[in-house]
Amino acid sequence: MPALLNHLSVPAQSEAASGGIDRQRRALVFGAAAAAGAVALGFSPAQAAVRRPLLRSGIDRSARVSAARLDAEVAKAFPLFNAPAILPAFDAATAGAQVDVDLHRIVTTTRVPETGERLKVSGLLAVPAGKTGELPLLSWQHGTILSFDQVPSNLTKLADPAYQLSDTADSLETLFNVQRFAARGYAVVAADYVGKGPFRNGRGEGYAVKGVSVQTCLDTLAAGEVAMASLGLKPSKLFLHGWSQGALNTQWLHQALRRRSRPVAATAVASPFNDLNEAWSYWAGAQSFALPAGTTSYPALPNWISLCMIVALGSYELNYRLSGLLDSAIRPEYRAMARKYWEDYKVVADPQQPFPTGSDLLVPGFFERATDDRNSAFLRHLAANRASYWRYDSPIRFHYGLADEALHPAMVYRALSAGGHQAVGIPTASASHRATFLAGLYGDAASLGGAENVPTWFGKF
């Protein structure tokens, strides 16, 4: 889910010595043409990656980041996610990066299944610096960002030693994954999603829209593997990881990969949304749940929930061609604000009107009767996109917080009960939405109900 309104300022650290990654924008050269060009020039693939940067397939921007700088960035970001604190402070001695990391922005195209559009998209490939040969591959799906630019590939801006990461401009959740996986021997691929990043060209996103989300992740993963080959790298086992919106995208991606008979070694999702109709009913105040066992209270829904609902309505209006859905679903007094927010992600509210909560936003009777044909179609699309009733044929862990302000634990149970013996729930006591994700990466048995964290668990495979 979206970054909260915190700010993070990180002092620059010195970069790795010269002879590493060149920082010029490079021509985009794809697939076999790149490999053939390298051979014709007398270079092995690994040599071509270093000496002929123009031959790096799909890569147009790169940065080398030292292990020390990664740890410094994580140390400053850690408290923003560990709130309220359920974990000890970050300790580089026990959880630090092991190697420097090369960050590459990859560029490819994807086709939107819902509309037939062919779009240019970007993503991130992060690999251990200097590594060649075989290594495990992690596909990471990021959570909701209520902006156009806080995407994984933004981390390549660290090529500038003076660049300061911030919670409102960068993907700190991706930083954590890079530090925990790429700096420990994995390749990490992460899509920027359609409607996000440097090539969005004014197009709206596909928030919680299954087809476009899955296809973007598939095409970015494929582009990442092509780019790996151009760097002399080869993926071994494939792992999947996602948080919040990205947890739903990860479940969808898992399904798509298995339909294609692509093996998935293991999957971990944090704060996973599975049944979108149920989530919407909960966000809108039309559904409630009993307190989790052992608790006496539960946090209220956050104020950004209504903004997520606006983005979802705009995404379904755009991608499913439900013209006017924002107007048919939202109360008249909030329609102008919602329409403007969908266009620019800037909140402009009438000071004479209270800011809408999730329970205020929708027209009366939205979940009780047919209020508009577009509203009915929206609910049908939500139902078609649910991921609650999927049987998993490889191990998957669902991390959920017992104080998650956006996702009640009861919303995870259906996926666990229907998923079969490969699906396991990992409850995290007192964990907020962000802290649930953070504990999955940096927690231990004491914070994870006796389970190990995701990097340790993946390492068993």
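What this report covers is the structure whose coordinates are included nearby. (Residues numbered from 1 in each chain as written. Predicted model: local features only at pLDDT ≥ 70, side-chain atom pairs only at ≥ 80, totals over all residues. Heavy atoms only, no water.)

**Examining unusual backbone geometry**
Between Ala 83 and Pro 84 the backbone carries a cis peptide bond, its omega angle lying at -10°. Secondary-structure assignment places Pro 84 in the loop between helix H3 (67–81) and helix H4 (92–95). If you check the backbone angles, Tyr 193 has positive phi at about 75° while not being a glycine. Among the structural elements, Tyr 193 can be located in the loop between strand E5 (187–191) and helix H6 (210–230). Phi at Asn 201 takes a positive value of approximately 55°, unusual for a residue other than glycine. With respect to the helices and strands, Asn 201 occurs in the loop between E5 and H6. By relative accessible area, Asn 201 is classed as exposed at 77%. (Helix = DSSP H or I, 4+ residues; strand = E, 2+ residues; numbered from the N terminus. Buried < 20%, exposed > 50% of the residue type's maximum accessible area, 1.4 Å probe, protein only.)

**A word on the pairing of strand E7 (residues 266–270)**
Of all five residues that make up E7, five are buried, and the element is covered over most of its length. Bridge analysis of strand E6 (residues 233–243) against E7 gives five bridges, and the strand direction is parallel. If you follow Leu 240 over to E7, its bridge partner there is Thr 267. Between the parallel pair E6 and E7, the chain is carried across by helix H7 (residues 245–259), and the sense of this crossover is right-handed. (Pairing = 2+ DSSP bridges. Right-handed = clockwise from strand over helix to strand, strands pointing away.)

**Section: the side chain of Asn 319**
Structurally, Asn 319 is set in helix H9 (residues 305–319). The buried category is assigned to Asn 319, whose relative accessible area is 0%. Among the polar contacts listed, one links the side chain of Asn 319 to the side chain of Arg 203, at a separation of 2.9 Å. A polar contact of 3.1 Å, which involves the side chain of Asn 319, links it to the backbone oxygen of Glu 205. (Polar contact = N/O pair within 3.5 Å; in protein donor to acceptor, adjacent residues only side chain to side chain.)

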